[in-house]
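Listed below are the residues making up each chain.
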Amino acid sequence: MKTSYFFFLSIFLFHSCAAQPKTHLIEATAETVTKETLDYYLYYPQNYAEEDTMNFPLLLFLHGGGESGGTLGALKKNGPPKLIVQGKQFPFLILAPQNPHQKKWWNTRALNQLLDSVVATNRVDPKRIYLTGLSRGGGAAWEMAVQYPEKFAALAVVCGMAPLPYASWIDKNMPIWVFHGEEDKSIPISESENMVNSLQQMGYDVQFTRYPNVGHDSWVQAYATEELYEWLVAQERKD
């Protein structure tokens, strides 16, 4: 009996081991396609039609999480779209897309494709494309500056999360203006402080505006700052 038992046990173990796949690496390639539907507002300056031989600057504005999903009209609650509804005139085009996902980050690759399409089909000066965003859109603005360093002439970030480890990837010739409320409980001011300090230590041209006794809604003061728009239109890429 003992001989038969060990014989069958040996056969069982042999087949069990033979059935286990060998550990190894294979090389493979897969082409993926990601589609994103982006609704957006596109603002034209008052003299755009009259100056039909002139190329205009363009500002890409990225809203915060509160305006994500839902209707496009939600974008009119904050930032440049709100000011336009109130009657403010800007000297540049403004592209204001909507993040279609209420609880997802911006798809910056899709944003870049949309921006390229708008630039290609309108009279836009490619050396005067500006970028700004608030809160979740501020984080996306930082990300776009990291991923597409040769695209923008200036960057303005309002209370956005910062990609500190990749600060050096941002174009060193691009001026930056950062705004943040000192009492921000949603995205602490340390996000901007650490990013600004790192950039300044590396020799970047960075302005930092802090708002005492202001929480997360620092965008109210930031986008009401007329000097911000004067500063933007003064910037132009040299390459």
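From a predicted model like this one, the values you see are computed outputs, not experimental measurements.

1. Remarks on the environment of Leu 164
Now for step 1: Locating Leu 164 in the fold gives a position in the loop between strand S5 (154–158) and strand S6 (176–181).
Now for step 2: Since its relative accessible area comes to 37%, Leu 164 is described here as partly exposed.
Now for step 3: Distance in space between the C-alpha atoms of Leu 164 and Lys 238 is 26 Å, their sequence separation being 74 residues.

2. Some remarks on the packing of helix H3 (residues 108–120) against helix H4 (residues 136–147)
Now for step 1: Two elements in contact, H3 and H4, have axes whose closest approach is 10 Å; the angle formed by their N-to-C orientations is 75°. One finds that H3 runs roughly perpendicular with respect to H4. Here Thr 108, Leu 111 and Asn 112 of H3 lie close against H4, whose contacting residues are Ala 140, Glu 143, Met 144 and Gln 147.
Now for step 2: Here the residues of the contact of H3 with H4 are counted per class, giving three nonpolar, three polar and one charged.

3. Description of the layout of surface pockets
Now for step 1: Size it by volume and the largest pocket reaches roughly 210 Å³.
Now for step 2: Residue lining of the largest pocket: Thr 32, Thr 34, Glu 36, Leu 38, Asn 107, Arg 109, Ala 110, Gln 113 and Leu 114, and that is the complete set.
Now for step 3: Of the residues in the lining of the largest pocket, the class split is three nonpolar, four polar and two charged.
Now for step 4: Contributing to the lining of the second largest pocket are Trp 105, Trp 106, Ser 135, Arg 136, Gly 139, Ala 140, Glu 143, Met 161 and Ile 187.
Now for step 5: Tallied by class, the residues present in the lining of the second largest pocket amount to five nonpolar, two polar and two charged.

4. Notes on H3
Now for step 1: Taking 1.5 Å per residue as the helical rise, H3 with its 13 residues ought to reach 18 Å, and the 18 Å between its terminal C-alpha atoms agrees with that figure.
Now for step 2: Of all the residues in H3, the buried ones are Thr 108, Ala 110, Leu 111, Asn 112, Leu 114, Leu 115, Val 118 and Val 119.
Now for step 3: Where H3 is buried, its residues contact strand S1 (40–43), strand S2 (56–62), strand S3 (93–97), strand S4 (124–134) and H4.

5. Describing the packing of aromatic side chains
Two aromatic rings, taken as a pair, are described by how far apart their centres are and by the angle between their planes.
Now for step 1: Within this structure, the stated rule accounts for eleven aromatic pairs.
Now for step 2: Ring plane angle 85° and centroid distance 6.1 Å describe the contact between Tyr 43 and Phe 90, whose orientation is recorded as edge-to-face. With a gap of 47 residues between them, Tyr 43 in strand S1 and Phe 90 in the loop between helix H2 (79–85) and S3 connect regions that are remote in the sequence.
Now for step 3: Taken together, the aromatic side chains of Tyr 43, Phe 90, Phe 92, Tyr 130 and Tyr 229 make up a single cluster linked through ring pairs.
Now for step 4: Lying across the ring of Tyr 148, Lys 151 places its NZ or CZ 5.6 Å from the centre.

6. Details of the sheet that holds strand S7 (residues 206–211)
Now for step 1: Sheet architecture is open: seven strands sit in the order S1-S3-S2-S4-S5-S6-S7, paired in mixed fashion. Edge positions in the open sheet fall to S1 and S7, since each of these has one partner strand only. Shown here is a sheet whose adjacent strand axes are inclined to one another by a mean of 15°, direction ignored.
Now for step 2: In this fold H3 packs onto S1, S2, S3 and S4, with an angle of close to 150° to the strand it touches most, S3.

Each value, and the rule that gives it
Residue positions are counted from 1 within each chain, in the order its sequence is given. Given that this is a predicted model, residues contribute local features only at a pLDDT of at least 70 and side-chain atom pairs are listed and counted only at 80 or more, while totals for whole chains, interfaces and linings are drawn from all residues. Each side-chain value is worked out from all heavy atoms of the structure, with water and hydrogens disregarded. Elements are defined by DSSP. Helices are runs of H or I of four residues or more, strands are runs of E of two residues or more, and each kind is numbered from the N terminus. Per-residue accessibility, obtained with a 1.4 Å probe over protein chains only, is compared with the maximum for each type, and a residue is labelled buried under 20%, exposed over 50%, and partly exposed between these values. Axes here refer to lines fitted to C-alpha atoms; in helices the fit is confined to the stretch in contact. Angles between the N-to-C directions go from 0 to 180 degrees. The cut-offs work like this: below 35 degrees is roughly parallel, past 145 is roughly antiparallel, 65 to 115 is roughly perpendicular, and the gaps in between are oblique. Residues are treated as being in contact if the distance between any of their heavy atoms lies within 4.5 Å. Each residue is assigned to one of three groups, with Ala, Val, Leu, Ile, Met, Phe, Trp, Tyr, Cys and Pro labelled nonpolar, Asp, Glu, Lys and Arg labelled charged, and all others, Gly among them, labelled polar. Think of a 1 Å grid over just the protein atoms. A cavity is a set of points where a 1.4 Å probe fits yet cannot get out, a pocket is an open set with protein on both sides within 12 Å along at least five of seven lines, and lining residues have an atom within 4 Å of a point. Grid points are joined across faces, edges and corners, and a volume is the space filled by probe spheres set on the points. Each residue after the first adds 1.5 Å to the expected span of a helix. Side-chain rings of Phe, Tyr and Trp, where Trp is taken by its six-membered ring, are said to pair if the distance between their centres is within 6.5 Å; with planes under 30 degrees apart they count as stacked, over 60 as edge-to-face, and otherwise as tilted. Two limits define a charge over a ring: the Lys NZ or Arg CZ must be within 6 Å of the ring centre, and within 35 degrees of the ring normal. We call two strands paired when DSSP finds no fewer than two bridges between them.

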